[in-house]
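The chain contents come next:
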Amino acid sequence: MNSWSDAYDSKPPWDVGHPQFAIVELVFNNELRPGKVLDLGCGTGQNTIFLAENGFDAIGVDISPEAISLARENAKEIGVSVGFRVGDVLRLSRYFPAHSFDAIIDSGLFHILSDDDRWTYVRQIHRVLKENGRYYLLCFSEKEQSRAGPRRVSKAEIDTVFGKHFKINYIADTLFESALHVGGAKAYLVSATRLEGK
Ligand code: SAH
């Protein structure tokens, strides 16, 4: 049992029962195209399932066994094939070979990591992404004023943490849907391309 399992004892605020609008838009405007995609901190799998329904070979990983079992139930109910596994995103290379994904998405995980863990995280995603693979991050932004919710992430932090291993394509203003934030919390959608290298 860990604190993230306790989070699923009742419905957590980020579990809005459908995929995040920003992720849906990435697919519907053809920016994120079918391929092998990893969903980090997938929770109950709404985004992962949406990707699978739209032709992606989608895998979701979450540290909470409760979240993964709810995600498996959701996928079964819809009748779509999705790979879910319990795992720690700070240890991705234990579960997946190097360069195995065309794309990685993160909806709401990065913004809960400590400063130290951010560096481990970036090394791990760089390792399992293919060369020139895409990474999309949806996180609460520094513009969100309310007290509720996770850490706020600044553009400067994104540049610092990802800049060495990734080319940042854009950092766009968007919203993160949450039961605690009417109309959504102010968020950033980051698109980055993995730079060549080990
Ligand atoms: N992506 C989902 C859930 C976001 S909440 C959504 O958009 O709704 C953040 C999730 O990250 C939680 O499900 C939590 O269990 C998971 N998590 C936290 N730390 C993690 C870690 N180190 N490795 C994998 N998952 C983690």
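Structure shown above.
Residues numbered from 1 in each chain as written. Predicted model: local features only at pLDDT ≥ 70, side-chain atom pairs only at ≥ 80, totals over all residues. Heavy atoms only, no water.

To continue, consider the overall build of the protein. Of the regular secondary structure elements, the protein holds seven helices and seven strands. In sequence order, the protein lays out its α and β elements as α-α-β-α-β-α-β-α-β-α-β-α-β-β. Relative to the 2.2 N^0.38 estimate, which gives 16 Å for 198 residues, the radius of gyration of the protein is 15 Å and therefore close to what a compact globule would have. The principal-axis extents of the C-alpha atoms in the protein amount to approximately 40 × 40 × 35 Å. Among the 198 residues that make up the protein, the fraction classed as buried is 49%. Here the protein displays about 9500 Å² of accessible surface, and carbon together with sulfur accounts for 50% of that area. In the protein, which carries 23 positive and 26 negative side-chain charges, the distance between the mean positions of the two groups comes to 6 Å. (Helix = DSSP H or I, 4+ residues; strand = E, 2+ residues; numbered from the N terminus. Rg over C-alpha atoms; globule rule 2.2 N^0.38 Å. Buried < 20%, exposed > 50% of the residue type's maximum accessible area, 1.4 Å probe, protein only. Areas by Shrake-Rupley, 256 points an atom, 1.4 Å probe, with all protein chains shown as cover. Lys, Arg positive; Asp, Glu negative; His and termini not counted. Charge placed at Lys NZ, Arg CZ, Asp CG, Glu CD.)

In this structure, Ser191 sits in strand S7 (residues 181-194). For Ser191, a relative accessible area of 0% gives the class buried. Filtering out sequence-adjacent residues up to four positions away, Ser191 remains in contact with Glu31, Arg134, Tyr135, Tyr136, Lys167, Ile168, Asn169 and Tyr170. (Contact = heavy atoms within 4.5 Å.)

This part is about unusual backbone geometry. One can expect most non-glycine residues to show negative phi and most peptide bonds to be in trans. In the Ramachandran plot, Asn30 falls in the positive-phi region, its phi being about 65° despite a non-glycine side chain. One non-glycine residue with positive phi stands out, namely Asn132, at about 65°. Inspection of the secondary structure assignment puts Asn132 in strand S5 (residues 129-140).

Attention now moves to the site of the ligand. Around the ligand sit 17 residues in total, of which Tyr8, Gly41, Asp62, Asp88 and Ser107 are the nearest. One nitrogen or oxygen atom from the main chain of Gly41 is found 2.6 Å from a nitrogen atom belonging to the ligand. Measuring from an oxygen atom of the ligand, one finds a side-chain N or O atom of Asp62 at 2.6 Å. For the ligand, whose free accessible area comes to 570 Å², the fraction covered by protein is 94%. Across the shell around the ligand, the residue classes break down as eight nonpolar, seven polar and two charged. (Near = heavy atom within 4 Å. Polar contact = N/O pair within 3.5 Å; in protein donor to acceptor, adjacent residues only side chain to side chain. Nonpolar A, V, L, I, M, F, W, Y, C, P; charged D, E, K, R; others polar.)

A few words on the pairing of strand S2 (residues 57-62). Counting buried positions along S2 yields five of six residues, so the element is predominantly enclosed. Note: S2 against strand S3 (residues 83-86), four bridges, orientation parallel. Within the sheet, the bridge partner assigned to Gly60 lies in S3 and is Phe84. In this region the chain leaves S2, passes through helix H4 (residues 65-78) and returns to the parallel neighbour S3; the handedness of that crossover is right-handed. (Pairing = 2+ DSSP bridges. Right-handed = clockwise from strand over helix to strand, strands pointing away.)

Spacing of three or four residues puts side chains on the same side of an α-helix, whose turn is 3.6 residues. Within helix H2 (residues 21-28), the full set of buried residues consists of Ala22, Ile23, Val24, Leu26 and Val27. Tucked inside the fold, the buried residues of H2 contact helix H3 (46-53), strand S4 (101-107), S5, strand S6 (166-178) and S7. Asn30 occupies a position one or two residues after H2 and carries a positive phi of about 65°.

Now for the pattern of salt bridges. Here the structure, examined in full by the defined rule, presents six salt bridges. Put simply, Asp102 and Lys130 hold a salt bridge, and the shortest N to O gap is 2.9 Å. On the criterion of sequence distance, the pair formed by Asp102 in strand S4 and Lys130 in strand S5 is long-range, its members being 28 residues apart. Taking relative accessible area as the criterion, Asp102 reaches 31% and is therefore assigned partly exposed. The salt bridge involving Asp115 is made with Arg151; its shortest N-O contact spans 2.7 Å. Within this pair, whereas Asp115 is found in helix H6 (residues 115-128), its partner Arg151 is found in the loop between S5 and helix H7 (155-162), the two being separated by 36 residues in sequence. For Arg151, a relative accessible area of 31% gives the class partly exposed. (Salt bridge = Lys/Arg side-chain N within 4 Å of Asp/Glu carboxyl O.)

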